[in-house]
Amino acid sequence: MNLILISVLSLGGIGALSAVILYFIAQKFHVVEDSRIDKVEAALPGANCGGCGFPGCRAFAAACVKTDSLESLACPVGGTPTMEKVASILGKTAISVEPHVAVVRCGGSCEYRERTNRYDGVKSCAIVHNLYGGETDCSWGCLGYGDCVNSCTFDAIHINPLTLLPEVDEEKCTACGACVKACPKNIIQLRKKGHKSRRIYVNCVNQDKGAVNRKVCKVACIGCSKCFNVCSYDAISINNNLAYIDDKKCTLCRKCVEVCPTNCILELNFPPRKPRVEEISDIVLNG
Amino acid sequence: MNKLVVSPAPHVHSGNSIQKEMESVLIALVPAYLVALYYFGAGALIVSVTSILSCVLFEYLIQKFILKGEKTITDCSAVVTGLLLAFNLPSNLPFWIVIIGALVAIGVGKMSFGGLGNNPFNPALVGRVFLLISFPVQMTSWPRPMPFNPAYMDAETSATALTALKEHLGNIPSTLDMFIGNMGGSMGEVSTLALLLGFGYLLYRRTISWHIPISILLTVFVMTGIFYLIDPQTYASPLVHLMTGGIMLGAIFMATDFVTSPMTKLGMIVYGIGIGIITVVIRLFGSYPEGVSFAILIMNAFTPLINTYIKPKRFGEVRK
Amino acid sequence: MKSFKMGGIHPAECKFSAGKKTEVISLPKQVVIPLRHYSGKPSIPEVAKGDIVKVGQLIGRANGFVSANVHSSVSGKVVKIDNALDAFGYKNPAVFIDVIGDDWLETIDLTPKVKRVCELEPPEIIKKIAESGIVGLGGATFPTHVKLSIPAGKKAEVLIINGAECEPYLTCDHQLMLEKGEEIVIGITILMKAIQVSRAIIGIEINKPDAILNLEKWAKTVEGVEVVPLKVKYPQGSEKQLIQALTGREVPSGGLPIDVGAIVQNVATTFAVYEAVQKNKPLIERVITVTGKSVAEPGNYWVRVGTPLSHVVEKTGGMPEDTGKIVAGGPMMGRALPSLDISVAKGTAAVLFIPSSDSERGKVQNCIRCAKCVFHCPMGLEPYLLMNKSEKGLWEDVEQNRVMDCIECGSCNYVCPSNRPLVDYIRYGKSMVGNLISSRKTQQL
């Protein structure tokens, strides 16, 4: 009995003494922080993805509190609704952020781009890029080993096992930019998500001459300029045998998609084309 | 024409593999195993076979059902762990205790950390020390050596040389007996000669380097030598210390375990000296008659520190 | 026997083509001469489509100081200047020439007599070497005139000639030393004059006793040249290791051989220097070894720069049936080729056919911390640690562990029992740390 009493008292005493000491130390070393940082951090998505350019949501929250204007600060994951919440907490004005999404600009799947040699080594895009142009004869195109997949913290990009190309899940993609940085060939780009999630882009980054490309990949851009000629919004430019569509100027009219001879300009999330009036009357007249 | 293979240089390999390294260790253990079978007979056979089979089985089961990874038993490291565990046990140890030892060695000492390459402590020693602390009586009754002894668990026991020294019991075996292994002790530790043959083989195959065993043995020799010179009545001679107990087995086969030993030559020497010092301290001043297992496990804990701070000699070191 | 001290391995020598007298490969129908020999900017083309060129004519001018001139290795008509796949895995600018006849520039001295006396002054020698497009033929293809232009504040004390040829299979340097011994020694005296040293050492591995004897014989006819036999160990021919073996000095980390007073040149480069300075012949051809376990008749061949490898293979007995991999260079540091549509560059020393049974890497397993990579690294690095940290992207740690000292010899991969791709990650680490260092420099400016 004595033993139990002594044990309880001594251990209890140590515990109580430690608690008192810790209390005083906590008080003395307390870090004074602006309480708004906690409030702002609570309004953020909490993904800690770094897409805003800061190391973690708390750092972004601190930057928001410190700055005078929220103009240069945006959370790509939360988008405009989150920035508006942050603005209302801090009494500042939020800018509306145009939602962006990651776009993989290569269509060279196994079907269209022949594999001419076999790579045996570490399956990492960065390492293979350092070594040579890849298993196909197009040294610009996607290597398919998934450095982009490994870098994504939102599970928004996966390699399709049939085409060996990455595919972006636009519901999950937050345009944080991790995959853009991870791709050693600069194939992935952040582009405007577009009205009703519609977007048009050139699905190729190959800068070799058209004649060479044709033999190497069936859906490569050959720099023929047909798209450039047909665009009335000055949104397309041709540099180094490669066409590029500026998403700020593109009005989604789809004329370039129709004229591309190699089908390398992609249109996403559009409804299927209605046959034109002339075609319908053609069918009616000729049975 | 088939597609050409493209891979980064180099395009040629020595042909070495984990399995070959393990096979080399097993071959080096053959002389000690033959001595164990000779002096400890049926017990040695049963304990060693039980240990090896249990280790392989447990690794296979854990890898398949718990870790859900690929089969790893083909690299033979479980066989080596099993044999080394057996070498650290008395040959009359009941087989169910051996199985528990194997489970702890493989399950706790190796697989819980993620398998080969990830464990910080020598798995066979983890198993052995666990058994020593859990079954102190069974683990410290060693059979006396009897050629081709058919008895297993009821083999006649006697004190070993080290217990005799610790408890001042009297005669220790002759130098020749200690050298060839005609004395009591754990199965694999008795024959200095057989273990040295194994050491020679390992050096020839370049499986291990000389740094760890020599630094351990030299440290033990020097330290016990100093105490022997101070007081030859109380302390045994350094040769007795080197040839009894598990120091030979520990220095050559247990401390040199790849995964748990340092990666640089100087680091290995520091590690060896540490093991030597702790072993001698436990033997001379501790309550256990033998301290090698504890010494090695303690120094295993220091290996990451040694690896961080002791770097190899660099080519073209710029002296500031 | 002299040797470097730290690390190293002993791969099987496989010198199947040793002693095979050199043969000349006939001219192909078209050559594709790369304009980019060193990992710098490609040379600027000096010819255009339709031009008729002669052998030895300048077709590309060096682009900047660390760059080399390129000369036509054939006579004929320029078809186009376009990108072509090279051994470095990417397409780079090259000059395509259809071969017509074998018309050499008149200024080139084609007489076989060895010209022993060099009347030029040192700066003129270096200028001649630069004009002739000489680059290091040991594999790195660093422009020779840059190596010979000693920066202010440093002094050259000894010229080291690399006749080690430590890579398995390769025998092109060996054969050159047997057949052109006198010319090589004269080339050495020319180089000694260019960098103003009075002492030259030729290092040759002891598995080439005939080459040692031949060069010793010719070295006796000049002043200051000594032949030193070396132990057969890889990488004996690596610059830093060779300097340590022959002079005992260690090139400091981050430094160059000139920091310890040494300049190293390969024997084939030395021969090219002789031809350039004494015979006005620019670098347009070299000896390459065609070899492999399944090759019926391995041999050493004189090949014009720009000859497609498919032509070389066709003329030397064809590709063995069981070929899995084709390597340009030796098995330790050579580059595997994705196809034979690649032409011989100045730095191509060999074409090695590896059977498909030897073409697959072993399965990668966990690091068992056996420390073999540490023990065999000739630079005193810890490859297992560098790979570990590179996998995790810890570039500052990787830099602190001296990744930039790595010479990419491949010894660590060779000995690893777990088949870990150590050099691949170290190469990756080197490029990332290189980016880190250069971005740090630009930030400081």
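Residues numbered from 1 in each chain as written. Chains lettered and ligands numbered in written order. Predicted model: local features only at pLDDT ≥ 70, side-chain atom pairs only at ≥ 80, totals over all residues. Heavy atoms only, no water.

Peer 1: Talk me through the overall build of chain B; I want residue IDs and the actual numbers.
Peer 2: Counting secondary structure elements, chain B contains 13 helices and 1 strand. Put simply, chain B runs from its N terminus to its C terminus through helices and strands in the order β-α-α-α-α-α-α-α-α-α-α-α-α-α. Relative to the compact-globule value of 20 Å for 320 residues, chain B shows a C-alpha radius of gyration of 20 Å, a close match. For chain B, the C-alpha atoms occupy an extent of roughly 75 × 55 × 30 Å along the three principal directions. A total of 320 residues make up chain B; the buried ones form 57% of that total. Across chain B, the fraction of contacts at a sequence separation of at least 24, relative to all contacts at a separation of at least 6, is 74%. Charged side chains of chain B number 18 positive and 14 negative; the gap between the two group centres comes to 15 Å. (Helix = DSSP H or I, 4+ residues; strand = E, 2+ residues; numbered from the N terminus. Rg over C-alpha atoms; globule rule 2.2 N^0.38 Å. Buried < 20%, exposed > 50% of the residue type's maximum accessible area, 1.4 Å probe, protein only. Contact = heavy atoms within 4.5 Å. Lys, Arg positive; Asp, Glu negative; His and termini not counted. Charge placed at Lys NZ, Arg CZ, Asp CG, Glu CD.)

Peer 1: Tell me about the packing of helix H3 (residues 172–179) of chain C against helix H7 (residues 267–279) of chain C, and name the residues and values.
Peer 2: Residue and element names in this part refer to chain C. For the pair H3 and H7, the least separation of the axes is 9 Å and the interaxial angle reads 45°. It follows that H3 is oblique to H7 by the angle criterion. Side by side, H3 and H7 meet where Asp173, Leu176 and Met177 of the first sit next to Val267, Ala268 and Phe271 of the second. Partitioned by chemical class, the residues of the contact of H3 with H7 number 5 nonpolar, no polar and 1 charged. (Axes fitted to C-alpha atoms, helices over the stretch in contact; angles between N-to-C directions. Parallel < 35°, antiparallel > 145°, perpendicular 65-115°, else oblique. Nonpolar A, V, L, I, M, F, W, Y, C, P; charged D, E, K, R; others polar.)

Peer 1: Account for the interface of chain B and chain A, with residues named and values stated.
Peer 2: The parts lose accessible area when they come together, and the size of an interface is often stated as this lost area. The interface is formed by 6 residues belonging to chain B together with 9 residues belonging to chain A. Buried area between chain B and chain A, both sides added, is near 660 Å², and the carbon and sulfur share of it is 65%. The largest share of the area that chain B buries against chain A comes from Lys3(B), Val6(B) and Pro8(B), three residues that together contribute 68% of it. Scanning the region where chain B abuts chain A turns up 0 salt bridges. Where chain B touches chain A, the interface holds 3 residue pairs in polar contact (both at pLDDT 80 or more). Residue composition of the side of chain B that touches chain A, by class: 4 nonpolar, 1 polar and 1 charged. Where strand S2 (residues 117–119) of chain A lies against strand S1 (residues 4–6) of chain B, 3 bridges are found, and the strand directions are parallel. Residue Asn117(A) lies in a different strand from S1(B), and its bridge partner there is Leu4(B). (Buried area = accessible area lost by both parts, 1.4 Å probe. Salt bridge = Lys/Arg side-chain N within 4 Å of Asp/Glu carboxyl O. Polar contact = N/O pair within 3.5 Å; in protein donor to acceptor, adjacent residues only side chain to side chain. Pairing = 2+ DSSP bridges.)

Peer 1: Just give me the short version of the interface of chain B and chain C, but keep the residues and values in it.
Peer 2: Across the boundary between the two partners, chain B contributes 41 residues, which contact 61 residues of chain C. Roughly 4200 Å² is buried in total at the junction of chain B and chain C, and carbon and sulfur atoms are behind 57% of that figure. Sorting the residues of chain B by area buried against chain C places His11(B), Met263(B) and Phe315(B) first, and these three jointly supply 22% of that buried surface. In this structure, the connection of chain B to chain C is made through 5 salt bridges. Of the charged contacts, one joins Arg402(C) and Glu317(B) as a salt bridge, the two residues approaching to 2.8 Å between their closest N and O atoms. The tally of links between chain B and chain C comes to 23 residue pairs in polar contact (both at pLDDT 80 or more). Elements that contribute at least two residues to the side of chain B that touches chain C include exactly S1, helix H1 (18–66) and helix H12 (265–285) of chain B. Of the residues that constitute the side of chain B that touches chain C, the class distribution is 17 nonpolar, 15 polar and 9 charged.

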